[in-house]
Amino acid sequence: MEFSWPWEYDFPPFFTLQPNLDTLRKQLEAWRKLVLDYCRHNKIFVLDVQESISLFQNKAIDRQLSTEGINRVLESLLEYNQIEWCDKAKKQCLVYWKNPQEWGNLIYRYASDKGMTNTVCTFYELTAGDDVQNEEFAGMDQSLLVKALKTLEATNKAEIIMFGGNEGVKFF
Amino acid sequence: MDRLYFKDQKDCVNEIASSTAWKGIRLFNGDTKTEYVNETAYLTSSHVYFASVNRPTMNMILDLKYVVLVEEDIGNLLRSSKIILHLAPWNEGHFSRPPVKNLSSFIKLAFSDGKLSHFKQCIQKMLLERSWETVAVQPSILHHVPTTFRSGIVGIERRLQEKVENNSSNINIAFQDMQNLIDMAKDMVQLANVMSNKIKDRQGDISEDETVKFKSYLLSLGIDDPVTRNSCSSNDVFYHQLAKEIASFLLKAISDTGGLMAMSDAYCRVNRARGLELLSPEDFFKACNYMEKLKLPIICRKFDSGVLVLQLQSKTDFLLEKEVSRLLQARDKLTALEVSQEFQISIVLAQERLYFMERNGLICRDDTVRGLVFYPNLFSSSS
């Protein structure tokens, strides 16, 4: 299904950082929503800043957000805990269209539905196994998976285990 | 005082004829008064001639070559300002001289009829020129021939420099005559006032139309009786009067340009109309600041970007905003150029209007290499 761009995407001022603070706030809000929706739709867990330029431009109206603008948007996303940087150089970030807690709960529900409690399954199974292909967390980035499972660990619903070079998790 | 000498009045007639006169001069030998209390001074390029009604046959002369320094002695409530002429020692003794005791090395001139600063300016200029030293130069040669011929860049530069100096001294001389013209114009303005008053009084005999026509002639010259510092008793009064004059003059002009005019435009117009007694920018600015206090129909406003404008009281921001919003609705997007064309105002003012509306959240901007375009603020209206 084609991603439906919001009305702002075709509005030229959307690609210029607004000096009026109230207007800027609304503009950044719209950008945050656009980034999250886009990533959700395309199942993008990790956003590479350089490669995502197409998200921040609209060739149809010949407009693109400046580097400063992109940085502002990313800053705003960070502020609202909707992204997290993978590295200090700020080249890639995890996009939380669901935050780790929500992921953790979703995975746990899946695990308990499939009766996988009290068993160990590998990370590979959880993200790339045949059974999980219809799940939202299919193809999830490993680091995000770990974060999600850590939230479950905190509530004693799971435990991350290392065995024989592989990483796995046991659900309770 | 011994550097002054007498000469027959007939011999001096030619030199005096074309020079400026200062009346009511009192001479002082050093700091002490002399008997010469009502002299008329005439300044030429090499002498100062003193004539008096009490001494119709003889004039007193001071050669400018004896004047070493010209100073101004600023006076106070009890004594008036004076010009001090420091003199070099006398070295020729064949003229009859005024008898004085206690010779001192300077004389003072008091100007009971005014124009002290003008005299100071003129005598300083004459001293700079030192025309009594270039006797060898024939009067037909207008340019100063360089004494050393240097080839190359230095010579060319030097010649250019001399040309420039000649030009500037010629211009100074030319403006000398302007001062006389200004003095005559003052009389003319007074005359015109008298005429218009007479016309007002005889309203039955002269028709209204002619009075109006005459007045319009006067007004077309600009402001017929400009407010000057001299005509006002104090600085404050000066600024108040000035503010009123500016407001009445600019009222029509500002209404024509849509209720807003940049201060630089207003300044140029006012000075153009005043003609002779021009205003300095500081005076103009200070006068404009008084306008609001005096409840005049025009006020001075400063935008956030620093632009100063004069605005009609009646045209408030709200009205101007509404006009621009209406235009925006019709056109979907606006540039400053379009606004200025539509409302016949300058680009600067159009920009200010748009920035102002942006600050109030009515419009948002689209900034590209192609320029700055404004759209209605759909961000706030949609959420």
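Data block above holds the structure.
Bear in mind the structure is a predicted one, so any value in this text is a computation, not a measurement.

All right, on to the overall build of chain B then. Counting its secondary structure elements, chain B contains eleven helices and 14 strands. For chain B, the residues scored as buried account for 38% of the 383 residues in total. Across chain B, the fraction of contacts at a sequence separation of at least 24, relative to all contacts at a separation of at least 6, is 54%. If you sum the accessible surface of chain B, you get close to 23,300 Å²; carbon and sulfur atoms cover 55% of it.

The next point concerns the interface of chain B and chain A. Of the residues lining the interface, 18 residues belong to chain B; the matching set on chain A comes to 15 residues. For the pair chain B and chain A, the summed buried area comes to about 1,400 Å², and 63% of that belongs to carbon and sulfur atoms. Where chain B packs against chain A, one counts two salt bridges. The shortest N-O distance in the salt bridge between Asp62 of chain A and Arg370 of chain B comes to 2.6 Å. The tally of links between chain B and chain A comes to seven residue pairs in polar contact (both at pLDDT 80 or more). If you tally residues by element for the side of chain B that touches chain A, the top one is strand E13 (residues 363-368) of chain B, at five residues. Class assignment of the residues belonging to the side of chain B that touches chain A gives a composition of five nonpolar, seven polar and six charged.

This part is about the environment of Gly259 of chain B. All names here are of chain B. Tracing the backbone shows Gly259 in the loop between helix H5 (235-256) and strand E10 (260-262). Looking at Gly259, the relative accessible area reads 1%, which means it is buried. Gly259 sits 51 residues away from Leu310 along the chain, and the two C-alpha atoms are 8.2 Å apart.

Conventions adopted
- Residues numbered from 1 in each chain as written.
- Chains lettered and ligands numbered in written order.
- Predicted model: local features only at pLDDT ≥ 70, side-chain atom pairs only at ≥ 80, totals over all residues.
- Heavy atoms only, no water.
- Helix = DSSP H or I, 4+ residues; strand = E, 2+ residues; numbered from the N terminus.
- Buried < 20%, exposed > 50% of the residue type's maximum accessible area, 1.4 Å probe, protein only.
- Contact = heavy atoms within 4.5 Å.
- Areas by Shrake-Rupley, 256 points an atom, 1.4 Å probe, with all protein chains shown as cover.
- Buried area = accessible area lost by both parts, 1.4 Å probe.
- Salt bridge = Lys/Arg side-chain N within 4 Å of Asp/Glu carboxyl O.
- Polar contact = N/O pair within 3.5 Å; in protein donor to acceptor, adjacent residues only side chain to side chain.
- Nonpolar A, V, L, I, M, F, W, Y, C, P; charged D, E, K, R; others polar.

Function-wise, these values are silent; they only describe arrangement.
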